[in-house]
Amino acid sequence: LMGRRALDDSSGMLFVFERLEPQKFWMKNTPVPLDIIFVGGDGCIVNIIESTTPMSSRSYRSNGPVKYVIEVRAGSAKRFEIDSDTCIRWQRY
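Residues numbered from 1 in each chain as written. Predicted model: local features only at pLDDT ≥ 70, side-chain atom pairs only at ≥ 80, totals over all residues. Heavy atoms only, no water.

Undergrad: Pulling in residues and values, what's your account of the overall build of the protein chain?
TA: Helices and strands together make up the secondary structure of the protein chain, namely one helix and six strands. Its helices and strands in sequence order give the protein chain the pattern β-β-β-β-β-β-α, from N to C terminus. By the compact-globule yardstick of 12 Å for 93 residues, the protein chain fits well, its C-alpha radius of gyration being 13 Å. With respect to the three principal axes, the spread of C-alpha positions in the protein chain is 30 × 25 × 25 Å. (Helix = DSSP H or I, 4+ residues; strand = E, 2+ residues; numbered from the N terminus. Rg over C-alpha atoms; globule rule 2.2 N^0.38 Å.)

Dropping the structure here:
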């Protein structure tokens, strides 16, 4: 989402990693605040970083090994009631 100046509620980015391991992200060149959702291999939330600081070089880390990371507009986790008790399933269309 680097360089994007706007992000609506129905947009985001899904990162899928080959291995289950800790991940870290930063906001360099990302002008929109995001919620970063770290998801384990079982689809359950490991942790969420809410309302990241735009254009920052600060590292945002998972609290353990993850298989997926989802970036969405800041406030989305609260708005859609996503928390550490949430598990996610993906469905192909």
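Undergrad: Describe a nonpolar patch on the surface, naming the residues involved and giving the relevant values.
TA: A cluster of nonpolar side chains, namely Leu 14, Val 16 and Trp 90, defines an oily patch on the protein surface of about 290 Å² accessible area. Tracing the chain through its elements places Trp 90 in the segment after α1 (76–79). (Patch = residues over 30% accessible without salt bridge, like charges linked within 9 Å, V, L, I, M, F, W, Y side chains within 5 Å. Areas by Shrake-Rupley, 256 points an atom, 1.4 Å probe, with all protein chains shown as cover. Salt bridge = Lys/Arg side-chain N within 4 Å of Asp/Glu carboxyl O.)

Undergrad: Pulling in residues and values, what's your account of the pattern of salt bridges?
TA: Per the counting criterion, the structure on display carries four salt bridges. Across the pair Asp 9 and Arg 73 runs a salt bridge, and its minimum N-O distance is 3.5 Å. With Asp 9 in the segment before β1 (12–21) and Arg 73 in strand β6 (residues 66–73), this pair connects stretches of sequence that are 64 residues apart. Take Asp 9: its relative accessible area is 37%, and that puts it in the partly exposed class. Residue classification places Arg 73 among the partly exposed positions, given a relative accessible area of 35%. For the salt bridge of Glu 50 with Lys 78, the shortest nitrogen-to-oxygen distance reads 3.3 Å. Placement of Glu 50 in the loop between β4 (45–49) and β5 (60–61) and of Lys 78 in helix α1 is noted, with a sequence separation of 28 residues between them. (Buried < 20%, exposed > 50% of the residue type's maximum accessible area, 1.4 Å probe, protein only.)

Undergrad: Tell me about the nonpolar core, and please be specific about residues and values.
TA: Judged by nonpolar contacts, Leu 7, Phe 25, Met 27, Val 32, Leu 34, Ile 36, Phe 38, Tyr 60, Val 66 and Val 69 together constitute the single largest core of 10 residues. Of all the elements in the fold, those that place two or more residues in this core are β3 (34–39) and β6. Counting residues per element, this core draws most heavily on β3, which supplies three residues. (Core = buried A, V, L, I, M, F, W, Y, C linked by side-chain atoms within 4.5 Å.)

Undergrad: I'd like a rundown of the environment of Phe 17, residues and numbers included.
TA: Residue position: Phe 17 is located in strand β1. In sequence terms Phe 17 and Cys 87 are 70 residues apart; their C-alpha atoms lie 18 Å from each other. Beyond its immediate stretch of four places on either side in the chain, Phe 17 contacts Gln 23, Phe 25, Lys 67, Tyr 68 and Val 69. (Contact = heavy atoms within 4.5 Å.)

Undergrad: Lay out the environment of Val 32 in plain terms, naming residues and giving numbers.
TA: As for its position among the elements, Val 32 is in the loop between β2 (24–25) and β3. Judged by its relative accessible area of 11%, Val 32 is buried. Beyond its immediate stretch of four places on either side in the chain, Val 32 contacts Arg 4, Arg 5, Ala 6, Leu 7, Met 27 and Pro 54.

Undergrad: Mind laying out the sheet that holds β3, listing which residues take part and the relevant values?
TA: A sheet is described by the order of its strands in space; here four strands give the open sequence β1-β6-β3-β4, paired in antiparallel fashion. Since the sheet does not close on itself, it has two edges, and those belong to β1 and β4, each with one partner. Taking the axes of each pair of neighbouring strands and ignoring which way they run, one obtains an average angle of 15 degrees across the sheet. Alignment of β3 against β6, held across six bridges, turns out to be antiparallel. Looking at the pairing, Leu 34 lines up with Arg 73 of β6. (Pairing = 2+ DSSP bridges. Axes fitted to C-alpha atoms, helices over the stretch in contact; angles between N-to-C directions.)

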